Amino acid sequence: MTSSHTDCHYCLQSLRGRKYALREENAYCVPCYDSLYANPCEECKQPIECNSKDLSYKGRHWHEGCFRCAKCSRSLVEKPFAAKDEVLLCTECYSDEYSSKCFHCQKTIMPGSRKMEFKGSSWHESCFVCQYCQQPLGTKPLITKDNENYCVPCFEKQFAHHCYSCKKVITSGGVSYHDQPWHKECFVCAGCKMQLSGQRFISKDEYPYCVDCFSKFYAKKCAACKKPITALGGAKYISFEEHQWHGECFICAKCSVSLVGQEFLTRQDDILCHECGSA
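Residues numbered from 1 in each chain as written. Predicted model: local features only at pLDDT ≥ 70, side-chain atom pairs only at ≥ 80, totals over all residues. Heavy atoms only, no water.

The test is simple: UniProt positions are given in the numbering used here, feature names are shortened, and annotations may be inferred rather than shown by experiment.
The name given to the chain in an unreviewed UniProt entry is Four and a half LIM domains protein 5, and the organism recorded there is Climacteris rufus. We quote the UniProt Subcellular location (unreviewed entry) comment for the chain here in full: "Nucleus". Recorded in UniProt for the chain, the comment headed Function (unreviewed entry) runs: "May be involved in the regulation of spermatogenesis. Stimulates CREM transcriptional activity in a phosphorylation-independent manner."

### Quick look at the overall build of the chain
This is how the line gets drawn: The helix count covers DSSP runs of H or I at least four residues long, the strand count covers runs of E at least two residues long, and both are numbered beginning at the N terminus. We compute the radius of gyration over the C-alpha atoms and compare it with the globule rule, which gives 2.2 Å times the number of residues raised to the power 0.38. Exposure is judged per residue with a 1.4 Å probe applied to protein chains only, and the accessible area is read against the type maximum: over 50% gives exposed, under 20% gives buried, and values in between give partly exposed. We call two residues in contact whenever any of their non-hydrogen atoms come within 4.5 Å of each other. Working convention for charge: Lys and Arg count positive, Asp and Glu count negative, and His plus the chain ends are omitted. The atoms used to mark charge sites are NZ of Lys, CZ of Arg, CG of Asp and CD of Glu.
Along the backbone of the chain there are five helices and 20 strands. Against the 2.2 N^0.38 benchmark of 19 Å for 279 residues, the chain shows a C-alpha radius of gyration of 47 Å, more extended than a compact globule. C-alpha extents for the chain along the principal axes are approximately 155 × 35 × 30 Å. The buried share of the chain, taken over its 279 residues, is 30%. Within the chain, residue pairs in contact and separated by at least 24 positions form 11% of the contacts whose partners lie at least 6 positions apart. On the chain, the mean spot of the 35 positive side-chain charges and the mean spot of the 32 negative ones are 3 Å from each other.

### Describing unusual backbone geometry
Here glutamine 106, not a glycine, exhibits a phi torsion of approximately 65 degrees, which is positive. Mapped onto the elements of the fold, glutamine 106 is located in the loop between α2 (91-98) and β7 (115-118). Taking the relative accessible area as the measure of exposure, glutamine 106 reaches 51% and is therefore exposed. One non-glycine residue with positive phi stands out, namely asparagine 147, at about 65 degrees. By the element assignment, asparagine 147 lies in the loop between β9 (142-145) and β10 (148-151).

### Remarks on the domain arrangement of the chain
Threshold: Per the annotation, domain bounds derive from an automatic or database assignment of domains.
What the domain assignment reports for the chain is domain 1 (38-97), domain 2 (98-159), domain 3 (161-218) and domain 4 (220-278). Between the C-alpha centres of domain 2 and domain 4 the distance comes to 70 Å.

### Regarding the UniProt feature "domain: LIM zinc-binding" (unreviewed entry) in the chain
Annotation from UniProt places "domain: LIM zinc-binding" (unreviewed entry) at residues 39-99, 100-161 and 220-279. Across residues 39-99, the secondary structure splits into 13% helix and 26% strand, with the terminal C-alpha atoms separated by 33 Å.

### A short note on the layout of surface pockets
Stated precisely, the cut-off is as follows: Cavities and pockets are defined on a 1 Å grid built over the protein atoms alone: a cavity is a set of grid points where a 1.4 Å probe fits but cannot escape, while a pocket is an open set with protein on both sides within 12 Å along at least five of seven lines, and lining residues are those with an atom within 4 Å of any such point. Grid points are joined across faces, edges and corners, and a volume is the space filled by probe spheres set on the points. For this scheme, ten residues count as nonpolar: Ala, Val, Leu, Ile, Met, Phe, Trp, Tyr, Cys and Pro. Four count as charged, namely Asp, Glu, Lys and Arg, and the remainder, Gly too, count as polar.
Within this model, the largest pocket holds a volume of roughly 260 Å³. Around the largest pocket, the lining is made up of 14 residues, and of these Tyr164, Trp182, Glu206, Tyr207 and Pro208 lie nearest the centre. Among the elements of the structure, β12 (180-182) and β14 (207-210) are those that each provide at least two residues to the lining of the largest pocket. Of the residues belonging to the lining of the largest pocket, the class tally is nine nonpolar, three polar and two charged. Quantified by volume, the second largest pocket comes out at close to 200 Å³. What lines the second largest pocket is simply Glu42, Glu43, Arg60, Trp62, Cys66, Arg68, Cys69, Ala70, Ser73, Glu86, Val87 and Leu88. Only β4 (60-63) and β6 (87-90) provide two or more residues apiece to the lining of the second largest pocket.

### Some thoughts on the pairing of strand β17 (residues 237-240)
In plain terms, the rule: For two strands to pair, DSSP has to find at least two bridges joining them.
Two elements, β17 and strand β18 (residues 243-246), share four bridges in a ladder whose sense is antiparallel. If you follow serine 239 over to β18, its bridge partner there is glutamine 244. In textbook terms, the turn of a hairpin is the stretch between consecutive antiparallel strands, and for β17 and β18 this stretch comprises two residues, one of which, glutamate 241, has a positive phi near 55 degrees.

### Focus: the pattern of salt bridges
Stated formally: In what follows, salt bridge is the name for a side-chain nitrogen of Lys or Arg lying within 4 Å of a carboxyl oxygen of Asp or Glu.
All told, the structure shown has five salt bridges when counted by the stated rule. Across the pair arginine 60 and glutamate 42 runs a salt bridge, and its minimum N-O distance is 3.7 Å. With arginine 60 in strand β4 and glutamate 42 in the loop between α1 (30-37) and β3 (54-57), this pair connects stretches of sequence that are 18 residues apart. With relative accessibility at 17%, the residue arginine 60 sits in the buried group. Where glutamate 117 meets lysine 115, a salt bridge forms, and the shortest distance between an N and an O atom there is 3.3 Å.

### Observations concerning the side chain of serine 122
Heads up, the rule is: Contacts described as polar in this section are N or O atom pairs within 3.5 Å, which, within protein, must combine one atom able to donate a hydrogen with one able to accept it, while residues neighboring in sequence count only if both atoms come from side chains.
Along the chain, serine 122 falls in strand β8 (residues 121-124). In this structure the side chain of serine 122 is engaged in a polar contact, spanning 3.0 Å, whose partner is the side chain of glutamate 117. Setting aside residues no more than four positions away along its own chain, serine 122 makes contact with Ser100, Lys101, Cys102, Phe103, Ile109, Lys115, Met116 and Glu117.

### Describing the nonpolar core
Side chains of a nonpolar character, in soluble globular proteins, are inclined to be buried together. Short version of the rule: In these notes, a set of buried Ala, Val, Leu, Ile, Met, Phe, Trp, Tyr and Cys residues joined through side-chain atoms within 4.5 Å is what counts as a nonpolar core.
Counting residues in hydrophobic clusters, the biggest one holds 15 residues, and the most contacted among them are Trp182, Phe187 and Cys189. Listed by contribution, the elements that provide at least two residues to this core are β11 (175-177), β14 and α4 (211-217). Beyond its immediate stretch of four places on either side in the chain, tryptophan 182 contacts Cys163, Tyr164, Ser165, Ile170, Gly174, Val175, Tyr177 and Phe187. Counting residues in hydrophobic clusters, the runner-up holds 13 residues, among them Ile48, Leu76, Leu88 and Cys93.

This is the structure:
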């Protein structure tokens, strides 16, 4: 290096015919410059002399030959690397030590590649797909079954119950009747269409009826009080020839004694106890 500078700014020795370095427009001989300004190498702790290449990262410095992966010792010069707790690692070693493993393929998710997170686990973007149609799920709504992920249309197609009445998918809740699934809002009385979910009902010809409609359409009438006999809740009733009675209505027409389990006589449409009938 040639210059108009003739003496070292620090030791004042002549620089003629010698290498020197400039700093803030001042010239220094190489030994003085190195002793005053050379950065210490993070690896070997020796000064990085002015005739050596100084590699720096976040305020720290290395000789070119010392800039290596802390695990496999491969050179990191002009190569991608990562830092963990101030230790430099090549991308392969960093991935082996710290990168997430894909829940699906169990391979490392390399730094810089897109990672999908779901329920505390990680996936490669290419592995995070619907189990049925194999289309990427990305941020689409999904449903998990037996540790497999499905897009909503595929899940409904494969697993969801369809309402026996309207044939549409039952997404939540529902009612089971005669081993068939129903929407709660579709499970209604066949007569008046009142919703029966949580209500008492009676089945007739595979259709549900509320108590009032069943009584209106199908229940037999008590020969005494003329009210329907529904047998709801296990109510007892008596049948004789073509007539039926509520248990509490099956009494002697003359003395009103209960005839349930007793001998009785008939006179036209009346029933009588043996004593009243023999009088």
